[in-house]
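Listed below, chain by chain, are the residues.
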Amino acid sequence: MQGRTERGWRPPERRSAPGRPASQTGQRRQMSPARQSSPAGLAGLAGLAVLAGLARGLPQSLRRGLAGLASRLRGLRQALLRGLPQSLWPAALTLRAHLSLAIALVALVTVALAALLANAFVSRRFESYVREQHEKKTAYIVENLGLQYRERTRDWNVDSVYSIGMYAMHDGYFIHVDDAEGASVWDAANHDMEQCAAIMGEISERMGRSGSPGEFVAASYPLYKAGARVGDVTIQYYGPFFLSESDFSFLSALNAILLAVSAVAMLVSLAIGRVLARRISRPLAETAEAAKQISVGNYAHRFDAEPKTLELRNLAEAIGHMSAALEKQEGLRRQLTADIAHELRTPIAVLSSHLETMIDGIWAPTRQRLQSCHEEIARLGGIVADLERLERLEQLGPLSRAPADLMEIARGVCANFDGAMAGRGLKLEIGGEPSIVAVDKDRIGSVVVNLVSNAVKYTPDGGRIRVTVRDSADCGAIAVEDTGAGIPKAELPLIFERFYRADKSRNRGTGGTGIGLAIVKSAVAAHGGTVEAQSEENRGSLFTVTLPKNAP
C-alpha cells in the first residue's frame, strides 16, 4: 500500500463517544482479574529478586504484572507474620524441613521462570502474528474500497462501501472514505456514532485487561481503480495493534494451560523434593543419634543401614570408626584399672600382713623381713613411676633437637642391660653403621630403652637380641630384633595403644602397666618418624624405628 500516513487520532466533537480512548493513563494502568491470572502474574508469586533482572528484557505488560503481584505477595506475607502468634514459629527447623524448603524454593523459581519465559516468547510471537494480520486486513479493506468506484458513472457504490465499512467496524476498524475531490463518501462515525463508541470502549477495555498500552490512531491510504487514484480512505484502529475477542480468548486459554502445567510441575517437584529430603536427612538423623549414644557411653551403637550417598557414607563410617576407637580406649582404661588394682593389691597385702605380725609381736623385725617389706615398697614405687611416665606422655613438651649418632645412643643404652642379661645367658648384639640425625637424645634414648627392655623381658633364657642401626640419605633407623615369645597377629595393631598388654597373665617378671610402647610411638611421632612391628608367635619380634633427617 502506497502513500500511507499514520497519526494519532482524536474524534472530533461531532463524533465524540461516551467512552474515552484507552490511551489515557488511568485505563492503561488498570489491572483486571484476567490480567492477574497470566503466567507473568504466576511468576510474580515467587516474589524473588533474582527474577527482577531477568524481567527487564520482557514486555512492559509482563514487568508490570510481575511487580504488582510481587508487591501483593509481600503484603500477604507481612499480614501472615502479624497475624500468627510467636509461639507457632519454631526456634529451629529440622534438616528435612530446611531441605524441603530449599528444594521447594528452587522448584518455585524454576517453574516461575519457565512460565515467565514461555509467556514472553508466546506473547511476542503472537504479537507479530497479530501485526501481520492487521496489515493484511488493512490492505484487504483498501483494495476492496478501491473496487467500489464506478468508472462509467464516475461515482461510488455506496451500498458496497457501507457493507465493507460495517464489517470493518465490527472488526475494530473505523473507516472514512473521501472521493478524489475530498468530498465525503461514507463515514462510520457519522453513520452510527453510538455503535462506534461502544466498539471503541470494548476494544480499549480488552486491551487494558491484556496489559498492552496503546491508543486509537488513524492512517490514511490512497484508493486506486485501474491505476488511477479515485479517492482516499482513513482507517482508525487501536494501535500499535489490538486483539479481537477470539484472540483474547486464545491467550486466556493459553495462560490457563501454562498456569495448570506450572502448578502440576511445582507439585511434582515438591513431592520429589520431599522424598529426596527424607533420603538425605534420615542417615544424618541416624548419625546424630549415634553421636548422642556415644556421648552417653553406648559405644556399641552402630548404623542399621548403609547410606547410598558417598559423603553420608563417609560420615557414617567416620562415626563408626570413632565409636570403635572410643570403645577400644574404654576397654584399655578398664584393663589399666584392673592391672593397677592387681599390682597394688599384692604388695599392700604383703606389707599389711608383715607389719601386723611384727606389731603383734609374733614376728621379730629381722633384717630379712624388713628387706621383704622394702621390696614390696619398691614395687609400689615402680607402679607410681609408670604413672608418672604416663603423665609425661600426656604432656609431651617441645623437642630439644641436636645432631646425634644413633649408633652411640644404641650402644649407651645396651650397656645398661649387661647386668640384667648376664644371669640369664642372653646374647645382645649391636651392628650396622653410624647415622647422624637431629633428634632429642633423651627421648630417643627412652625409645631404645623401652624396645630393648621389652626384648629382654620376653626373650627366654639363652636367647638372642640384636640391635641394628641403618643409615640412608633421608633417614636413620634403629631395629631391635629378639627371639622371644612373639606377639599374636591379631594383637599387633593394638600393642602401641596406651595401657595395652599382650601378656594377660600379669606375671611380675614381665607384667607392667602397658605404656612402654605407647611412649615409643609418641616420641617417634614427635620427631616425624614411624615405628613398625613385625612378629610371629614363638619365633620373636622385630621393631623398626625410622627417623627422618629433614624433619621440621
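Refer to the structure printed above.
These lines cover the structure that appears in this document, whether it is placed above or below.

1. Brief notes about the sheet that holds strand 13 (residues 530–536)
Turning to step 1, where the next piece is worked out: Overall, mixed pairing links the five strands, which are arranged 9-11-12-14-13 in an open sheet. Of all the strands in the sheet, just strand 9 (427–432) and strand 13 have a single pairing partner and so form its edges. Averaged over all pairs of adjacent strands, the angle between strand axes in this sheet comes to 10 degrees, irrespective of strand direction.
Turning to step 2, where the next piece is worked out: Sheet analysis places strand 13 next to strand 14 (residues 540–548), joined by seven bridges and oriented antiparallel.

2. Description of helix 15 (residues 441–458)
Turning to step 1, where the next piece is worked out: Given a rise of 1.5 Å per residue, 18 residues ought to cover 26 Å, and the 26 Å separating the end C-alpha atoms of helix 15 matches this to within 8%.
Turning to step 2, where the next piece is worked out: Among all positions in helix 15, only I444, G445, V447, V448, N450, L451, V452, S453, A455 and V456 are buried.

3. Concerning the nonpolar core
Turning to step 1, where the next piece is worked out: L145, I175, V177, V233 and I235 are the most contacted members of the largest nonpolar core, which totals 39 residues.
Turning to step 2, where the next piece is worked out: Counting residues per element, the ones that place at least two in this core are helix 6 (95–147), helix 7 (158–170), strand 4 (174–179), strand 5 (184–187), helix 9 (193–210), strand 6 (215–225), strand 7 (228–239) and helix 10 (245–295).

4. Observations concerning the environment of G297
Turning to step 1, where the next piece is worked out: Residue position: G297 is located in the loop between helix 10 and helix 11 (310–359).
Turning to step 2, where the next piece is worked out: Overall, G297 belongs to the partly exposed group, its relative accessible area being 37%.
Turning to step 3, where the next piece is worked out: Expressed as a C-alpha distance, the spacing of G297 and E327, which sit 30 residues apart in the sequence, is 8.5 Å.

5. Observations concerning helix 10
At 3.6 residues per turn, the α-helix brings residues three or four places apart onto the same side.
Turning to step 1, where the next piece is worked out: Its 51 residues place the ends of helix 10 72 Å apart at the C-alpha level, agreeing with the 75 Å of an ideal helix rising 1.5 Å per residue.
Turning to step 2, where the next piece is worked out: The principal kink in helix 10, of about 25 degrees, is found at S281, preceding the proline P283 by one to four residues.
Turning to step 3, where the next piece is worked out: Phi for G297, located one or two positions after helix 10, is positive at around 95 degrees.

Basis of the calculations
- Within every chain, residues take consecutive numbers counted from 1 along the sequence as written.
- In keeping with the predicted nature of the model, local features appear solely for residues at pLDDT of at least 70, side-chain atom pairs appear and are counted solely at 80 or more, and the whole-chain, interface and lining totals rest on all residues.
- In computing side-chain properties, one takes all heavy atoms of the structure into account and sets aside hydrogens as well as water.
- Strands are labelled as partners when DSSP assigns at least two bridges between them.
- Going along the chain from the N terminus, every DSSP run of H or I of four or more residues is numbered as a helix, and every run of E of two or more is numbered as a strand.
- As a rule, the C-alpha atoms of each element are fitted with a line to give its axis, helices using only the stretch in contact, and angles between N-to-C directions run from 0 to 180 degrees.
- Take the number of residues in a helix, subtract one, and multiply by 1.5 Å to get its expected span.
- Here the term buried applies to any residue with accessible area under 20% of the maximum for its type, exposed to any over 50%, and partly exposed to those in between, with areas from a 1.4 Å probe on protein chains only.
- In these notes, a set of buried Ala, Val, Leu, Ile, Met, Phe, Trp, Tyr and Cys residues joined through side-chain atoms within 4.5 Å is what counts as a nonpolar core.
- What the bend at a residue measures is the angle between two axes, fitted to the seven residues ending there and to the seven starting there.

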